[in-house]
Amino acid sequence: MSKKPDNEITLKIKGNLEEFYKDIECKGFKIVHEFSMDDTYFVPQIVNLQEMSTREILSKSVLVRKIVGKTSRKVSQKITFKIKEFDINGNILKQDAINCEVLDIEAAKNLLKAIGYKEIMNIQEADRVYENDGFRFAVKDIRSGDNLIEVELGENEDVCTVGELVEKVKEYKISVYLDNYFVKKAEIELDKVLGR
């Protein structure tokens, strides 16, 4: 089991995804990794989905994640619990992830159900990681969802703060909406599931 800091910004991409790919590739970004992600969210059976806010529900969720590398052919399967601290505006101040590798994703799901958890949603996405001169970000093509970029502090060693990540995005003139640096894909998708 491991615990790691997981600070990042996530922004919504403007326009068509193919045009976005062409634009960033013209700016010198190259694909360094491609993978798919399949995330299934579970919460304790006692969680009343109708009486809690989306954020409260997700704060109690356990994530079963399968990552399949398209370029590396590596398969990673794990159970993840995320701990997030928010400011009064809903911006993520700090995020940690506790991960436990598993050998069989279906067995992990069955174990959670056996100990009193229920499945609340599944998010599938195809990711491309781009890099230019040490600056790296992932493009997230979420099935039936938004197209996003995610920029992590750990992936960009010369950047120390979330503010510096934002400045790098602006410096490269990446075609994203700059009104929300913390797009929360799980909250957006859970709101759809719950009809909110």
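Residues numbered from 1 in each chain as written. Predicted model: local features only at pLDDT ≥ 70, side-chain atom pairs only at ≥ 80, totals over all residues. Heavy atoms only, no water.

Undergrad: Could you give an account of the overall build of the chain, naming the residues involved and the relevant values?
TA: Counting its secondary structure elements, the chain contains five helices and nine strands. For 196 residues, the compact-globule estimate of 2.2 N^0.38 gives 16 Å, and the C-alpha radius of gyration of the chain, at 17 Å, lies within 12% of that figure. Projecting the C-alpha coordinates of the chain onto the three principal axes gives extents of approximately 50 × 40 × 30 Å. Per-residue burial over the chain gives 46% buried out of 196 residues. Across the chain, contacts joining residues at least 24 apart in sequence account for 65% of those joining residues at least 6 apart. Just so you have it, the chain exposes about 10,700 Å², and 50% of that area is on carbon and sulfur atoms. The positive charge centre, built from 32 side chains, and the negative charge centre, built from 36, are 2 Å apart in the chain. (Helix = DSSP H or I, 4+ residues; strand = E, 2+ residues; numbered from the N terminus. Rg over C-alpha atoms; globule rule 2.2 N^0.38 Å. Buried < 20%, exposed > 50% of the residue type's maximum accessible area, 1.4 Å probe, protein only. Contact = heavy atoms within 4.5 Å. Areas by Shrake-Rupley, 256 points an atom, 1.4 Å probe, with all protein chains shown as cover. Lys, Arg positive; Asp, Glu negative; His and termini not counted. Charge placed at Lys NZ, Arg CZ, Asp CG, Glu CD.)

Undergrad: Tell me about the pairing of strand 4 (residues 62-69), and please be specific about residues and values.
TA: The buried count for strand 4 comes to six of eight residues, which makes it a mostly enclosed element. When strand 3 (residues 30-44) meets strand 4, the two strands line up antiparallel, connected through eight bridges. By the bridge assignment for strand 4, Met37 is matched with Ile67. Bridge count for strand 4 against strand 5 (residues 75-86) is six bridges, and the pairing is antiparallel. Its bridge partner being in strand 5, Val68 is matched across the sheet by Val75. The loop that links strand 4 with its antiparallel partner strand 5 comprises five residues; one of these, Arg73, has a positive phi angle of about 65 degrees. (Pairing = 2+ DSSP bridges.)

Undergrad: Give a description of unusual backbone geometry that names residues and reports values.
TA: One non-glycine residue, Asp133, lies in positive phi territory at about 50 degrees. As for its position among the elements, Asp133 is in the loop between strand 7 (117-132) and strand 8 (135-142). If you check the backbone angles, Ser144 has positive phi at about 60 degrees while not being a glycine. What makes Ser144 exposed here is its relative accessible area of 66%.

Undergrad: Before we move on, can you summarise helix 1 (residues 17-26) with the specific residues and values?
TA: Taken residue by residue, helix 1 has Leu17, Phe20, Tyr21 and Ile24 as its buried positions. Viewed along the axis of helix 1, the buried residues span an arc of 100 degrees, placing them on a single side of the element. Across from the buried face of helix 1, at angles greater than 90 degrees, the exposed residues are Glu19, Lys22 and Cys26. Along its buried surface, helix 1 packs onto strand 7, strand 8 and strand 9 (147-152). The distance from a side-chain oxygen at the start of helix 1 to the backbone nitrogen of Glu18 is 2.6 Å, and the residue carrying that oxygen is Asn16. In the segment just after helix 1, Gly28 is the residue with positive phi, at about 100 degrees. (Arc of directions from axis to C-beta. Polar contact = N/O pair within 3.5 Å; in protein donor to acceptor, adjacent residues only side chain to side chain.)

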